[in-house]
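The chain contents come next:
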Amino acid sequence: MAQPAASAYGVIAAGRTREMPTRLLLAVFIGVTAWFLAPGPIPMLWFGLVFLGQGLDWWVFRPFRRDPTLEGRGWRALVPILGMTTNAIVYSGLAIYLWFEGGPAGQIFGLIQVSGSLLHVSYHMNSDKGLLLAGCLPPGAYFLGLPLISAVAEREPRGLLIMIGGVLYLAHLVASVRRMVSQTKHLEAARAEAEAQSARAETASAAKSDFLAVISHEIRTPMNAVISAANLLRRTRLSSDQKEHVGMLLDAGDVLVGLLNDVLDFSKIEAGKMELEAADMPLRPKVAALARLWEPKANAKGVRLHIEVDSEAPEIIRTDPLRLQQILFNLLSNAVKFTREGDITVRVITTGDAGRLAFEVQDSGVGIPADRLEQVFASFEQASVGTTRRYGGTGLGLAISRRLAEVMGGALTVTSVMGEGSLFRLELPVAVAAGDADRAKVVPEGASLQGRHILAAEDHEVNRRILKLLLEPHGCVLTLVENGQEAVEVARIQRFDAILMDMQMPVMDGLDATRGIRAGGANARTPVVALTANAMDTHRAAWAAVGVEAFLTKPIDPELLALTLSRACAEGRKLLAA
């Protein structure tokens, strides 16, 4: 919550306290100089009065130092004004002594001291008219009155001329103060407008995040049914035409999910909320898996896909696997999309720097004009107006990839020749993981769903049917419930090897249900796997806070679901045995 703004008196009180040592040091200099110009007890007496006046100043502004928001009204304003007037009379009063006893040099020094006081008060007190007048009237009276008194007493025009000069000085000072006050008001108005715009932007950002979270959930839920049904259909006996149609469904689903992930990541990067995770990743299997994903589409176009990994590249690297795969996925998607014939080559290259790896995706596609190379990395931009119509896509994938590379501390660049193809090069800082071959295994030894008892909480009837069709063929015993409350009640009376938990459910959501299960009972230490359409980082953090084994998002990846549950069951058995 923003702190209340300080009042004009609060600001002045803080400034007066901060500058008090400077005023006392300056008073020492003025008093010593006055004593040299006109020796006598008056300068020392004057310094003593100044010292007392500063104590008075400290006391009258004390309430405003304690509460800077306190307004100066009524007697609260009268006391500081009287204190300021007293201080101004005393501080500038030495000019009277110097004018009459210090000779020409004393008169000049006295006027300089008074003009300095006027300038100082005008600069620091212009936010309140009462204090400004209290601080300016006494030195102003000295500034004009002393030359006038001399002119009348001595009947010489010299004093009148000095007074006229003083009037001009005061006129310039008044104009400067008015300009300063006006500029201060403009600055305060601009700051208030900037703060209001910032608040509106934060509200809009929060609304956008909420909107994206809702849209993500609502899109992923039906997408889960579509993609899961297509995966299940692919397992049945199909004709060649039917297989082709199912493949089209799955390809379209992959594109939609990829686009959804890109939009969410773009929003997080724009909001400065992108969080990276560091994990060990087997390099060669991951690159090969990405290539296998795109190889059928490349082959269907008559394009050959090659993988080249430097022999000196490490077996296992520590990076953010999800983001690295997302960048390479987008680069391969781009290469396949724009290559009609020839070759696409994916290379992993050691750069000579032990802390960096380079990933290159080279194609023999249409190429990019030299003047459009950087534009392909702009959000929702492509190399030409007809690109979207001819090849499809939003132009967001490469923008996301470059921003992700930068967030990860790397860089994504491109070189291209029209008609000959393009080369995208990703350089990233990575750590070489100190592991053995066992760490690169995809499935840990003994991990299986055969005979395992799985509890699944899912409120959507179609999704429960999909889970049943996906998991029961693996030989597990599946117990389905419709909300978190039912999950907690079932978990109290039956032991499970793993628990699948949705997030948004009626009666009790998945987070509260997980807390309830963790509170005690037979399944207090049973691994819980989050399976949800809520895929933003805030949701991941919420699940991590309740201690889940893994976080899976919808649409369901059948292989990843089975693998994750197998691992969770294996870990649960280890904990039970321990």
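Residues numbered from 1 in each chain as written. Predicted model: local features only at pLDDT ≥ 70, side-chain atom pairs only at ≥ 80, totals over all residues. Heavy atoms only, no water.

Draft legend 1. Molecular detail of the pattern of salt bridges. All told, the structure shown has 17 salt bridges when counted by the stated rule. In this structure, Arg304 and Asp343 form a salt bridge, with 2.8 Å as the shortest nitrogen-oxygen distance. Placement of Arg304 in strand E2 (residues 303–309) and of Asp343 in strand E4 (residues 342–350) is noted, with a sequence separation of 39 residues between them. With relative accessibility at 45%, the residue Arg304 sits in the partly exposed group. With its nearest N and O atoms 3.3 Å apart, the salt bridge here joins Arg347 to Glu308. Of the two residues, Arg347 sits in strand E4 while Glu308 sits in strand E2, which places them 39 residues apart along the sequence. (Salt bridge = Lys/Arg side-chain N within 4 Å of Asp/Glu carboxyl O. Helix = DSSP H or I, 4+ residues; strand = E, 2+ residues; numbered from the N terminus. Buried < 20%, exposed > 50% of the residue type's maximum accessible area, 1.4 Å probe, protein only.)

Draft legend 2. Quick peek at a nonpolar patch on the surface. On the surface, Val28, Val32, Trp35, Phe36 and Met44 cluster together into a nonpolar patch covering about 500 Å² of accessible area. By residue number, the principal contributor to the nonpolar patch is helix H1 (residues 8–37), which donates four residues. By secondary structure assignment, the location of Val28 is in helix H1. (Patch = residues over 30% accessible without salt bridge, like charges linked within 9 Å, V, L, I, M, F, W, Y side chains within 5 Å. Areas by Shrake-Rupley, 256 points an atom, 1.4 Å probe, with all protein chains shown as cover.)

Draft legend 3. Structural detail: the pairing of strand E11 (residues 498–501). Neither face of E11 is left uncovered, since the one carrying Ala498 and Leu500 and the one carrying Ile499 and Met501 both have all their residues buried. Across four bridges, the pairing between strand E9 (residues 453–457) and E11 is parallel. Bridge pairing in E11 places Ala456 opposite Leu500. Where E11 and strand E12 (residues 528–532) come together, three bridges link them in parallel fashion. Note that in E12 the partner of Leu500 across the bridge is Val529. Following the backbone out of E11, through helix H15 (residues 510–518) and into the adjacent parallel E12, one traces a crossover that is right-handed. (Pairing = 2+ DSSP bridges. Right-handed = clockwise from strand over helix to strand, strands pointing away.)

Draft legend 4. Structural context of unusual backbone geometry. The backbone of Val507 sits at a positive phi, close to 70 degrees, despite the residue not being glycine. Position of Val507 relative to the elements: it lies in the loop between E11 and H15.

Draft legend 5. Representation of the confidence of the model for the chain in the model. Model confidence for the chain is summarised by a mean pLDDT of 82, while 87% of its residues fall at 70 or above. Counting contacts from residues 380–394, a segment whose pLDDT is below 50, to residues more than four positions away or on other chains yields 30 contacts. In the predicted structure, residues 436–443 sits below a pLDDT of 50 and forms 10 contacts with residues beyond four places in sequence or in another chain. (pLDDT = per-residue confidence, 0-100. Contact = heavy atoms within 4.5 Å.)

Draft legend 6. Representation of the sheet that holds E4 in the model. In spatial order, the strands read E2-E4-E5-E7-E6; together these five strands make up an open sheet with mixed pairing. Each edge of the sheet is formed by a strand with only one pairing partner; in this case those strands are E2 and strand E6 (411–417). Across the sheet, the mean angle separating the axes of adjacent strands is 10 degrees when strand polarity is ignored. Sheet analysis places E2 next to E4, joined by seven bridges and oriented parallel. Pairing of Leu305 across the sheet is with Ile344, part of E4. (Axes fitted to C-alpha atoms, helices over the stretch in contact; angles between N-to-C directions.)

Draft legend 7. Expanded view of the nonpolar core. Ranked by internal contacts, the top residues of the largest apolar core, which has 39 residues, are Leu283 and Leu426. Mapped by element, the contributors of at least two residues to this core are helix H9 (283–300), E2, helix H10 (321–338), E4, strand E5 (356–363), helix H12 (397–407), E6 and strand E7 (421–429). The biggest single contributor to this core is H10, with seven residues. For Leu426, the residues in contact, after removing those within four places along its chain, are Leu324, Ile327, Leu328, Leu357, Ala358, Phe359, Ala405, Ala411 and Leu412. Formed by 25 residues, the second largest nonpolar core is a distinct cluster that contains Tyr9, Phe64, Ala77 and Val121. (Core = buried A, V, L, I, M, F, W, Y, C linked by side-chain atoms within 4.5 Å.)

Draft legend 8. Representation of helix H2 (residues 42–60) within the structure. In a regular helix each residue adds 1.5 Å, so 19 residues correspond to 27 Å; H2 covers 26 Å between its end C-alpha atoms and thus fits that length. Along H2, the residues that are buried comprise Pro43, Trp46, Val50, Gly53, Gln54, Asp57 and Val60. Seen from one end, H2 has its buried residues packed into an arc of 125 degrees, which puts them on one side. Seen from the buried face of H2, the exposed residues on the opposite side, beyond 90 degrees, are Leu45, Phe51, Leu52 and Trp59. Packing partners of the buried residues in H2 comprise H1, helix H3 (62–66), helix H4 (75–101) and helix H5 (103–125). (Expected span 1.5 Å × (residues − 1). Arc of directions from axis to C-beta.)

Draft legend 9. Up close: the sheet that holds strand E3 (residues 316–319). An order of E1-E3-E8 is seen for the three strands of this open sheet, with the pairing classed as antiparallel. Here the strands that pair on one side only, and so sit at the sheet edges, are strand E1 (279–282) and strand E8 (431–432). Sheet analysis places E3 next to E8, joined by two bridges and oriented antiparallel. When the bridges of E8 are listed, Arg318 appears paired with Ala431. Packed onto the sheet, H9 meets E1 and E3 and runs at close to 65 degrees relative to E1.

Draft legend 10. The arrangement of the packing of H5 against helix H6 (residues 129–154) in detail. As a packed pair, H5 and H6 sit with axes 9 Å apart at the nearest point and diverge in direction by 165 degrees. One element, H5, and the other, H6, form an angle in the roughly antiparallel class. In this structure, the crossing between H5 and H6 has a hand that is left-handed. Seen from H5, the contacting residues are Leu111, Val114, Ser115, Ser117, Leu118, Val121, Ser122 and Met125; seen from H6, they are Leu131, Leu132, Gly135, Cys136, Pro139, Gly140, Tyr142 and Phe143. Broken down by class, the residue content of the contact of H5 with H6 amounts to 11 nonpolar, five polar and no charged. (Parallel < 35°, antiparallel > 145°, perpendicular 65-115°, else oblique. Left-handed = near helix turned anticlockwise from the far one by under 90°. Nonpolar A, V, L, I, M, F, W, Y, C, P; charged D, E, K, R; others polar.)

Draft legend 11. Structural detail: the environment of Pro222. Mapping Pro222 onto the fold places it in helix H7 (residues 157–234). A sequence separation of 240 residues divides Pro222 from Val462, and the C-alpha atoms of the two residues are 9.1 Å apart.

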